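Here are the chains, one letter per residue:
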Amino acid sequence: MIADLFAANVIIGILTSGIRLATPYLYASIGETFGQLSGVLNLGVDGMMLMGAYAGFYVTFHTGNPWLGLLVAILVGALMGLAMAFISVTLKAEQGISGIGVYLFGLGMSDLLFQKTLGTVETVSGFAPLNIPLLSDIPVLGTVFFSHNILVYGAFLLVPVAWFILNKTTLGLKIKAVGQNPAAADALGVSVARVRYATVTLGGALAGLAGASLSIALLNVFQQNLTSGMGFIAVALVYFGGWTPTGVLLGSLLFSSVNALQLWVQILGIPIPSDFAVMMPYVLTILALIFAVRKVNQPASLSKVFERGEG
Amino acid sequence: MEPKKRIRPINWLGPSIPFLAALAAFVLGAFMLLLLGANPIEAYAALIDGAFGSMNSIADTVVKATPLLFVGAGICVAFRGGVINIGGEGQLVVGALAATLAALTFTTWPAWALIPVCLLLGFLAGAVWGAIAGFLKAYYNVNEILTTIMMNQIAVQLMNYLLSGPIMDPVQIENGSFIPQTARFPAAADLPRLVPTRLHLGVLLAVVVAILVWVLLWRTTLGYRIRAVGLSPAAARRAGIRVEQYAMLALLISGALAGLGGAVQVLGVNHRMFTDGSATGFTSSAGFNGIVAALFGQLHPLGAIPASGLFGAMLVGANKMQRVVQVPSALITALNGLVVIFVVSSEIWRRQLARRQEMGAMREAALATAPAGEMT
Amino acid sequence: MSLPVTHKIDSVALRNIVKRFPGVIASDHVNFDVKAGEIHALLGENGAGKTTLMRILYGLYQPDEGEILINGKPVAIRSPADSIQLGLGMIHQHFMLVPTLSVAANVALGLKSSRGLLLDLEVVSQRLRALSETYGLRVDPDAMVWQLAVGEQQRVEILKALYRGAALLILDEPTAVLTPQEVDELFVTLRRMAAEGHSLIFISHKLHEVLAISHRVTVLRNGRVVQTLNTAETSRKELARLMVGREVMLRVERPEVQFGAPRLVIKDLWVTGDKGLPAVRGTSLQIRSGEILGIAGVSGNGQRELAEAIAGLRKPTQGQILIDGMDVTGWRPEKLILNGLAYISEERFRDGVVKDLTVEENLMLEQHGHAPFARGIFLDFGRIASHTQEMIRDFEIKTPSRQTPLRNLSGGNIQKLILARELTRKPRVLIASQPTRGVDIGSTEYIHSRLVAQRAEQTATLLISEDLDEIRNLSDRIAVMYEGRIMGVLEREDASIEKLGLMMAGVSVESQESG
Amino acid sequence: QPAAAPEATPEPVKQFRVAVVMPSQINDLAFSQSMYDALNVIKSEMGAENFDFVYSENMFVVDEAAAAIRDYASQGYNLVIAHGSQYGSSLVEIAPDFPNTSFAWGTTVDTFTDKGITNVFAYEARSEQGGYVNGVIAAMMTQSNVIGVVGPIETGDAKLYVDGFKAGVAATKPEVVVNVNWIGSFSDVALASEAAQTHINAGADMLTGTAQMVVGAVGVAKEKGVLWFGTQSNQTSLAPEIVVASQVYKWDVVLRQIIDLVKAGTLGGTAFQIDLANKGEVIEYNPAFTLPAEVGQAAGAAIEGISNGSIKALP
Ligand SMILES: Nc1ncnc2c1ncn2[C@@H]1O[C@H](COP(=O)(O)OP(=O)(O)OP(=O)(O)O)[C@@H](O)[C@H]1O
Ligand SMILES: Nc1ncnc2c1ncn2[C@@H]1O[C@H](COP(=O)(O)OP(=O)(O)OP(=O)(O)O)[C@@H](O)[C@H]1O
Ligand SMILES: [Mg+2]
Ligand SMILES: [Mg+2]
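Model, not experiment: these values are computed from the prediction.

Thresholds, definitions, all that
- Residues numbered from 1 in each chain as written.
- Chains lettered and ligands numbered in written order.
- Predicted model: local features only at pLDDT ≥ 70, side-chain atom pairs only at ≥ 80, totals over all residues.
- Heavy atoms only, no water.
- Helix = DSSP H or I, 4+ residues; strand = E, 2+ residues; numbered from the N terminus.
- Buried < 20%, exposed > 50% of the residue type's maximum accessible area, 1.4 Å probe, protein only.
- Contact = heavy atoms within 4.5 Å.
- Areas by Shrake-Rupley, 256 points an atom, 1.4 Å probe, with all protein chains shown as cover.
- Lys, Arg positive; Asp, Glu negative; His and termini not counted.
- Charge placed at Lys NZ, Arg CZ, Asp CG, Glu CD.
- Pairing = 2+ DSSP bridges.
- Axes fitted to C-alpha atoms, helices over the stretch in contact; angles between N-to-C directions.
- 1 Å grid on protein atoms, 1.4 Å probe; cavity = no way out; pocket = protein on both sides within 12 Å on 5 of 7 lines; lining within 4 Å.
- Points joined across faces, edges and corners; volume = space filled by probe spheres on them.
- Nonpolar A, V, L, I, M, F, W, Y, C, P; charged D, E, K, R; others polar.
- Domains from an automatic or database assignment.

**Some points on the overall build of chain C**
When its secondary structure is counted, chain C shows 18 helices and 22 strands. Seen through its principal axes, chain C has C-alpha atoms that stretch 70 × 55 × 50 Å. The buried share among the 515 residues of chain C stands at 58%. Sequence separation of at least 24 residues holds for 67% of the intrachain contacts in chain C that already meet a minimum separation of 6. On chain C, roughly 20300 Å² of surface is accessible, and the fraction owed to carbon and sulfur atoms is 50%. In chain C, the 61 positive side-chain charges and the 63 negative ones have mean positions that sit 3 Å from each other.

The structure is reproduced here in structure tokens:
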């Protein structure tokens, strides 16, 4: 039975599922990485994902155009991010708690809108899998890597893009400086507030995109609490990734692949109670961090309000 | 010349700011209610009635506040110790499970023995759940936010496992209905009721625990060390305090109190354990709301007492409102979020006010001494 | 290459500046000005309001009253962005660097890139190299800031300002963490800048530095200007009196004491530093009871690691530490503290005190678990009150009350608090690292007298300092550390500046004698 | 003349008022919606002037539900329905305080008569029966002989349905493999979808599943053109192309009996169930899907057999 796990179709299945499931986590976690690197802890990701998922779904449902849905999802997410930035930067509110508030608001609001505008679970034709010509014909690799919908490719493309922004642009430098030592950045005339507004809004936009990747690409439905806590896992994955896009990529893939693996464990009848199988991704993510040897550069000002000392 | 009368700073304004903020959120909520075709005045009257309208509703409010206070008191310890515990949900669940196991095992024990054992086991289970995160942080540098989020899910699956077999109500299996719940606990495991409402002894226990946490943090050497570690690990280490141990201890205590809260909840309210597959079904998000209550209470366990009460009132009242004006419950969740956002955002005005008052007092003092100063 | 003075500043003037903080008036109608080509020193005790005034000039604080004039015209400086625009630069008392970034990145931060949105660190590095050559400010642009020693970090701060073409440079206690050699190098740079037409504001607690470098001196006390003088027309004594408001004894009385048996013995100690390399390499030392052994030397030569190893904060990889003959190698700090070890660490704010606890709570940081502070597991507030009150009185700590948050105390008073806490325990062994760094002369005088008084209490004191005067005034014997090794130990009388200087450059006593 | 009025207008028929407390949302396409729909059926049958109901949805937290139940009872509703087995312990405490109010709860068989309580009805659904029928159809239609099942946690209604489904398959075509994935959640749509995907990768050409998160699985089935069997509500609207049949709960069958009893003065003591025999459970076929005739016949035979007791839906 355990040997069955190493059958080709199982491994291909696990990898393909892992890549697909990683998509929403990647968007949301990389967005959160930007925010945290600049010093803002946003625990409201899940609420932003839900609002994005709803908005994207609603627009796609009514226009039939997933691109438009995607755009609106990103805008709605960005708006939520902007609100979070206003709360945590301008109003200097405690970040953890305001994030929980944003989460609750998004959870309730997306559901309320869903009930009032859709009323019942509907389906849409969102982004369909896009077989990349030639590449998708490669045996095994083709299925695993090149037969997904466009938002999956987008998520993986986001990793090098985020890496580039963080390491090769002036914006990236400002983000890291503001997160590590906001007073130093401020003393050089860098606007701490502006940088944090930018990252948190970007984080919101990516959370909205993450939600849309569920509602109009992977699942093509919307339902109350569609994300079911994925946003919190996304926050956890930022810590897993040690605030680097590549780390987040590793974490997302690990978590998702183990989730895919546990589904196979059940199907192959490996005698583990299903509840323990479901636990596997959570346990393994923790174990992976225990055994990983790594240097962690937590943004020193994470979740701390910046004030010039004048109050 | 007649001395000008100076207006004294109004010192009730500060404490009233969070209430004004909550009010603003409710005003926004009123517009949402209007859009949904409900009468906001009727709705809010129902909310207040639901939270405070009768003995029963007051009891419901207090009962609702109880787990918030257990979690909140624990959060005070964790955050003061510089560690973040987002694992209240899981800790409530394992605490309840441990109490459940005891209640189902020692069915013949009298109440005076059974209840303390159940509570103790709940406390210990929560402690273990918190300590795992603490241990991994202290000795493997694994971030506790990640661990506690993951441990929540692990607790849920553990609960699902236990309730779908090992401790499922035998009657359920016999009937073939397989509802994921345990048998009702023996009556000896019921927490005594205080008055003929749902108010149970756990409420008092929560208040006592909050006071004990205050004693712990500000009156004992242990609490002093936890606070020192939270404020400056480097200074604490130099002063001979074992930073890792105390960070772990803070998470352990925090988890233990949440676990105790879970045990109280199951013995005082549910009298049996059941699952709807999620933690929320049992905790009603007390693991998160407790964090909010603690922070509203300025991370002070005594401040957490009224904060939990008000939060409980809002949750209970909102349900009544949903029943009376028949708006979707989703509105309540959204409104809850708005209140949290508005209240936490209003802190800035409270701080500014406090500062302005301090400066005002200073200027007054300066003016009083100015003539003498200028003559020299 | 000459300096790119992009801004022309003839004069900067602060007029009637008032700044209030809750509980204090940090600037009380201050008037202050500096001209092109001038080095204007600002003197004052801890908490006199020097930093506050400079932060107002640099746009970090907004004044409650008063105005700032540049070249005679009032200007509005709302943020550092404005002041940088106007040609102001500031070296902050506590460095404003991002430790996780490279030197070049720290310099490039906030500047327009020549490549638009993309970083141009190579270009910055190149220009930085040229600039550091011009001013003799040696630093590797590609090094990570966390790897730099304090002196190098200081140079990065100056380069940051120069790179931005600052015409006026504010230096807030730039020498507090520098070695005498580094101070000399800095002064060369500063003089050169002044000669090129820069304006400089220089803050220091060290009167000889002020006398050596400045053209004019302004003395602040309690937020007010006491007097502005021409440096050439004043003296150390006068400045000290203006600052403190009384005569200051600039030398400590050292009564003779009888040394006892060796209390602290270190044998062939090896300690690894933060970079993973051995920082202490086979150090051996002995300190007798009643004796002060001074360790001189350029920072970064293993002094900190040595102190931390003795205090139990670092595990030695090899060797032995003995206190009164008992092997305490590898003991945890709590056990060492119980056995009579006291440690005044050089990083006062990082590990000396907890800023958000009260004065009282800081005074019991090590002892809180024992009598008289605790009874069982409970803190004994009655006795805590009387004991801390006593400590505050005995050590002349200026604080509104025992319950005041420590963050509200001035630097000198914080250091006195640490001293009170460590000395009240009647330590057998005391390690004092940079005990008066950044502390004003009044408090320095007091701290010195208390350290010397410990000799009569039979304490063995290890004094680590970069201030050679301090070392020579207080120590009974003087050792010099270089690259993790002791270059030799001199009796107080033999320790001439020349000998010490050679040793600090890595020439051992033996080779000096043989040579 | 004011005295004339009472004689002239007939006494208005007292409106029958029902309050229901439900664990999830009224539009969950599953457990709560089935009750909500049934109440609406009754309402349209009896007319709004004779029947009205209010609801509290999303009452997954028991103490909140208890407060709602108590509140409704004190407001004088004729019947208070606690639509969730987890509400039982609360009901034991509340019901005796309101002896003139009738309560109903499900799914269960326990009316608490052993505790001396007389005003509680119980109801349950024999979901394994519809599961069995779905299993029969799926077994006859599968070509790959692999069928996938996506469930929440292995308990209650979901377990019964899946057990019935497996029994139906086994009785029809023993060589068919039924793979079951319990995803540990009633809400994780993404994982449900991935589970369906995994079943398909494992060779399944028929899928079924239960609880509200299966919409994710239906989506995958639709995308891959794999046939789907629903339960609890009619799921045809989600994917008209691939839904074959749904077991649908008709609680109105039970509600009608309870209302009649309450009107007649009996406030509790009876346990009801919905099943294929009493038409409380109905297999609704997708009209857009043409079922092979012999399959339809076999399904009909299964319904018949279960109804008359000749077939046991559970092994
Ligand atoms: N942000 C602030 N909030 C409140 N009080 C402050 C603040 N900054 C400075 N102060 C107070 O203002 C006074 C002047 O402080 P300042 O830092 O300017 O002194 P200083 O002369 O630079 O002292 P030092 O020599 O120790 O650096 C002190 O009493 C200090 O406690
Ligand atoms: N943030 C940091 N992280 C890691 N290592 C550091 C950090 N800061 C400084 N170091 C290391 O510590 C060494 C000594 O640091 P520093 O510049 O503070 O000298 P110092 O403490 O004055 O030395 P000493 O007291 O021994 O004379 C540096 O060379 C550097 O390698
Ligand atoms: Mg200063
Ligand atoms: Mg040093």
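**Structural notes on the sheet that holds strand β2 (residues 24–35) of chain C**
All names here are of chain C. Here four strands make up an open sheet; going across it, the order is β2-β1-β4-β5 and the pairing antiparallel. Strands with a single pairing partner mark the edges of an open sheet, and in this sheet they are β2 and β5 (73–75). If you compare each strand with its neighbour and ignore which way they point, the axes differ by 30 degrees on average. In this sheet, β2 lies alongside strand β1 (residues 11–21) in antiparallel orientation, the contact comprising eight bridges. Bridge pairing in β2 links Val12 to Val34. Packed on one face of the sheet, helix α1 (residues 50–57) meets β1, β2 and β4 (65–70) and runs near 120 degrees to β1.

**A few points about the layout of surface pockets**
Residues and elements named next belong to chain C. Roughly 940 Å³ of internal volume is contained in the second largest pocket. What lines the second largest pocket is a set of 44 residues, and nearest its centre among them are Lys206, His208, Asp467, Asp469 and Glu470. For the lining of the second largest pocket, the elements supplying multiple residues, two or more each, are α6 (180–195), α7 (207–213), α15 (441–456) and α16 (468–474). Among the elements that take part in the lining of the second largest pocket, α15 stands out by supplying eight residues, more than any other. Split by residue class, the lining of the second largest pocket holds 18 nonpolar, 13 polar and 13 charged. Each of two domains, domain 1 (11–96 + 166–244) and domain 2 (262–514), supplies a minimum of three residues to the lining of the second largest pocket.

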